[in-house]
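Structural characterization, general
For reference, the chains in residue letters:
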Amino acid sequence: MQIYADNAATTKISQHALQAMMPCFETHYGNPSSLHTVGQEANEILADARARVAACLGCEPREIYFTSGGSEADNQAIRSAAFYGAKKGKKHIISTAFEHHAVLHTLNALEKEGFEVTLLDVKNGHNVTAQQVKDAIRPDTCLVTCMYANNEIGSVLPIAEIGAVCKEAGVPFHTDAVQAVGHLHIDVKAQNIDMLSLSGHKFHGPKGVGALYCRRGLPLVNIIEGGAQERGKRGGTENLPAIVGMAAALEDACANMAENTAKTTALRDKLITGLEKIPHCALNGDRVNRLPGNVSFCFEGIEGESLLLYLDAQGVCASSGSACTSGSLDPSHVLLAIGRVHDVAHGSLRLSLCHENTDEEIDHILTVVPQVVELLRNMSPVWRDLQNGEREYIL
Amino acid sequence: MALYSEVVMDHFMHPRNVGTIENADGVGTVGNAKCGDIMKIYLKIENDIIVNVKFETFGCGSAIASSSMATEMIKGKPISEAMKLTNDAVAEALQGLPAHKLHCSVLAEEAIKSALKDYYDKNGIPYDASEFPDCENCGHCH
């Protein structure tokens, strides 16, 4: 039995998306910029895909810019707001401490270029409030960028409230919605979102494709210079097969959202309830405002990579924020940001589900995780010290 | 290619010498929970021979495999031979470790030396301190 519970990392492409892509390789292989019939057919398919993606977000087709993925969209959105903000003498950006590195590292680069960045604290409830954003806004704030939902711990941020605060203050609002698009209902106009990043492979579309929604009237700078594709804002021949696959996957995800959410949420809650029975563990992330598929825990006394390897041997594909899985000495910045100390952040486990997971799979996970945790604790000197009272429990 | 060699996976999935030794003659602990690696080695020594060795490890796959392999390499051996165990020898016996995991084999060597030092200290046996790791003043984990 192999159970794929790492859907926040990537998803299996849907048959519908795959089938939608095939004609773009075999028949409609033209370059959308070409004037001849084959090219113009491709151009029509591109326009159709753009309209369908736009409809899923509640925006106009011309507000959608296709990119290579979520990271590129994040870079472009933030760089654009920074560039045009600086022109008006505004060089302050607000974000959160648990953003994806595509956002955080772009902000780090901007800090070196003279921008000031305020990262909102996420310790309280493993989330932020619109009030925190409101309190942080200054006359020189040129951008608020807050993720829609956190990739590691599943917290869903109060995006509409943050959007309203930003609108009132006249500050552009970008959201990295890579984990949310296709999983949560989004209406960029109603939620006052000015820019939004999304990635195709997080909702059963193909990898290597994403999009940036940018409200009409808000200027963009180029990350990729080149031809006149994407209204001149993203050079390079369009990745038509991937764009079409992403559009098909997004339409499916939005059309079946209520059903998928109900199913996935039920599986998630069963998993959370079951895992919470393991002593000295803690759920990471906002318990109420939470992605339908996210289960994230810290287990005291063990290390995450060992946990993942033993789970893999039992057929469970999962993820961890331990240092050893990140390739650095520090565990995940997200877990540290919500206040988990290093000792327990190393023992983290993320299981991310989708509507294709089954009740039987959850039962299997609930059988093997406690066994593996116990096995690792039994060979851990930290656990022995905790049990002997030589070290104090944190969780 | 898999992250770890077959030997690493074997020692990780089926670790040898896991556990503790009551009234051990030497106990050594290296690493710290903050950086995600702690190794603890227990030694039973008779007539300068390591007659039994056990380990407990909090850490990643390569940390557990390194502990397991290192204990196998010194079990039944004279102290003089155990003192010569290097991290390179542990890594080699494991058919190699990924570059960012080599410190796990270093920890295994240091844990054994730390346990031997404890044995010397407990028994008032003189030794050359420079042969042992100085964990208190090492920047490895900080």
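Definitions and cut-offs
- Residues numbered from 1 in each chain as written.
- Chains lettered and ligands numbered in written order.
- Predicted model: local features only at pLDDT ≥ 70, side-chain atom pairs only at ≥ 80, totals over all residues.
- Heavy atoms only, no water.
- Salt bridge = Lys/Arg side-chain N within 4 Å of Asp/Glu carboxyl O.
- Helix = DSSP H or I, 4+ residues; strand = E, 2+ residues; numbered from the N terminus.
- Buried < 20%, exposed > 50% of the residue type's maximum accessible area, 1.4 Å probe, protein only.
- Contact = heavy atoms within 4.5 Å.
- Buried area = accessible area lost by both parts, 1.4 Å probe.
- Polar contact = N/O pair within 3.5 Å; in protein donor to acceptor, adjacent residues only side chain to side chain.
- Nonpolar A, V, L, I, M, F, W, Y, C, P; charged D, E, K, R; others polar.
- Domains from an automatic or database assignment.

A look at the pattern of salt bridges
All names here are of chain A.
- Within the structure shown, the criterion is met by 23 salt bridges over all chains.
- Here glutamate 72 and arginine 234 are joined by a salt bridge, their closest N and O atoms 2.7 Å apart. Taken together, the residues span a long stretch of sequence, with glutamate 72 in helix α3 (residues 70–87) and arginine 234 in the loop between β8 (210–214) and α7 (240–255) at a distance of 162 residues.
- When the shortest N-O distance is used, the salt bridge between lysine 123 and aspartate 121 registers 3.5 Å.
- Of the residues examined, lysine 123 reaches a relative accessible area of 47% and is grouped as partly exposed.

Some points on the interface of chain A and chain B
- Facing 22 residues of chain A, the contacting portion of chain B comprises 25 residues.
- Taken as a group, A:Tyr310, A:Met379 and A:Pro381 account for 28% of the area that chain A buries against chain B, more than any other trio of residues on that side.
- Run the count over chain A and chain B and you get 2 salt bridges.
- Here A:Glu305 makes a salt bridge to B:Lys101, at a shortest N to O gap of 2.5 Å.
- Taken together, chain A and chain B are joined by 10 residue pairs in polar contact (both at pLDDT 80 or more).
- Those elements that place two or more of their residues in the side of chain A that touches chain B are α9 (304–313), α12 (342–345) and α14 (381–387) of chain A.
- In terms of residue class, the side of chain A that touches chain B is built from 10 nonpolar, 6 polar and 6 charged.

With respect to the domain arrangement of chain A
Residues and elements named next belong to chain A.
- According to the domain assignment, chain A consists of domain 1 (15–255) and domain 2 (257–387).
- For domain 1 versus domain 2, the separation of C-alpha centres amounts to 29 Å.
- Domain 1 puts 28 residues into the contact, and the matching count from domain 2 is 23 residues.
- It is His126, Glu152 and Ile153 that lose the most area in domain 1 upon contact with domain 2, and together they represent 32% of the buried surface on that side.
- For the pair domain 1 and domain 2, the interface holds 0 salt bridges.
- Seen at the junction of domain 1 and domain 2, the total is 13 residue pairs in polar contact (both at pLDDT 80 or more).
- Among the elements of the structure, α4 (101–112) and α7 are those that each provide at least two residues to the side of domain 1 that touches domain 2.
- Among the elements that make up the side of domain 1 that touches domain 2, the one with the highest residue count is α7 (3 residues).
- Of the residues assigned to the side of domain 1 that touches domain 2, the class counts are 12 nonpolar, 13 polar and 3 charged.

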